[in-house]
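# Notes for the structure review
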Amino acid sequence: MAKVWIDGKTSIEVEHAEGINVVHLTVDDKEIAVSNGKTILEAVERAPGIGNIPALCHHPAVKPYGACRICTVEVSEDGGSKFKFVAACLYPVKEGLIVKTQTEKIKKLRKGIIELLSARCPNVKRIQELADEYGVEKPSFVLGDQDCILCGLCVRACQEIIGKSAISLVNRGIYKEVAAPFYAYELSGDCIGCGDCAFVCPTGAIEMGADGRPTLPKVKIPYAEIEAMMKKETVSPS
Ligand code: SF4
Ligand code: FES
């Protein structure tokens, strides 16, 4: 018999039966059971009160992509001798897997990601909540006042749920943004106005307009701040 946790407070004694498509893993020192084929994030979401894994670019309706890395956890496949960092939204559960979701290393890593997101999107509620939870102070540098974190969920929802590509991520680096493909000025007839992009967006960056079509995030590139930062970086020490 083994003790398996259903949530943070309730456990049951079960027999590990052969031939059942269930795997057992330990999350923050509590063993849980989940059907094979799930990811660590899905397993933890089914066990309220166990583990703490934030996720930004994940939505159950679309395939995981691993864009934001905020869901990083430490895992061991050899009983706890060696641990490695993995993205919980991508990593499949395995029998005997040990998962740690809140070590100091993980908190530091998530804090760094939140600092970057706060510098880009200081006024987005979800980012502010994460900043409070992880003790991220006001960022020391500013990358603008965007509301899009470039997670790509809207683009994937359009492709995977609707089977269209009415929006896409265009450009690279600081110029990357969500736009109509090939930077067309307007959304094409591919957009059926379903609103899925707005629904899955974790930051509220996409809104449905009065014409029944999404209003895409407006990118505000802070040229002055970036120029000042670059000058600071390139000034050689005296
Ligand atoms: S608009 Fe929303 S869903 Fe789309 S990339 Fe930006 S934050 Fe993600
Ligand atoms: S939620 Fe896993 S990488 Fe974004």
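Residues numbered from 1 in each chain as written. Chains lettered and ligands numbered in written order. Predicted model: local features only at pLDDT ≥ 70, side-chain atom pairs only at ≥ 80, totals over all residues.

Right, let's talk about the overall build of the protein for a bit. Each helix and strand in the protein was counted, giving 6 helices and 11 strands. Considered along the principal axes of its C-alpha atoms, the protein spans approximately 60 × 60 × 25 Å. Each of the 238 residues in the protein was classed as buried or not, and the buried ones make up 31%. (Helix = DSSP H or I, 4+ residues; strand = E, 2+ residues; numbered from the N terminus. Buried ≥ 20, exposed ≤ 12 C-beta atoms within 10 Å, placed from the backbone.)

What follows is about the nonpolar core. One finds Ile-40, Ala-88 and Cys-154 to be the most contacted residues of the largest nonpolar core, which totals 52 residues. Among the elements of the structure, strand E3 (22-27), strand E4 (30-35), helix H1 (40-45), strand E5 (72-76), helix H2 (104-120), helix H3 (125-133), helix H4 (153-162) and helix H5 (196-200) are those that each provide at least two residues to this core. Looking at this core, the element that brings in the most residues is H4, giving 5 residues. Mapping this core onto the domain boundaries places at least three of its residues in each of domain 1 (2-102) and domain 2 (153-215). Other than its neighbours up to four places away in sequence, Ala-88 contacts Thr-39, Ile-40, Leu-41, Val-44, Ile-53, Cys-71 and Val-73. (Core = buried A, V, L, I, M, F, W, Y, C linked by C-beta atoms within 7 Å. Domains from an automatic or database assignment. Contact = placed C-beta atoms within 7 Å.)

Here the focus is the domain arrangement of the protein. Assigned domains within the protein: domain 1 (2-102) and domain 2 (153-215). Between domain 1 and domain 2, the residue contacts involve 7 residues of the former and 7 residues of the latter. For the side of domain 1 that touches domain 2, a count of residues per class yields 5 nonpolar, 1 polar and 1 charged. (Nonpolar A, V, L, I, M, F, W, Y, C, P; charged D, E, K, R; others polar.)

Let's shift gears to unusual backbone geometry. In this structure, Asp-28 takes a positive phi of about 45 degrees despite not being glycine. Mapping Asp-28 onto the fold places it in the loop between E3 and E4. One non-glycine residue, Asp-29, lies in the positive phi region at around 75 degrees. With respect to the helices, strands and loops of the structure, Asp-29 is situated in the loop between E3 and E4.

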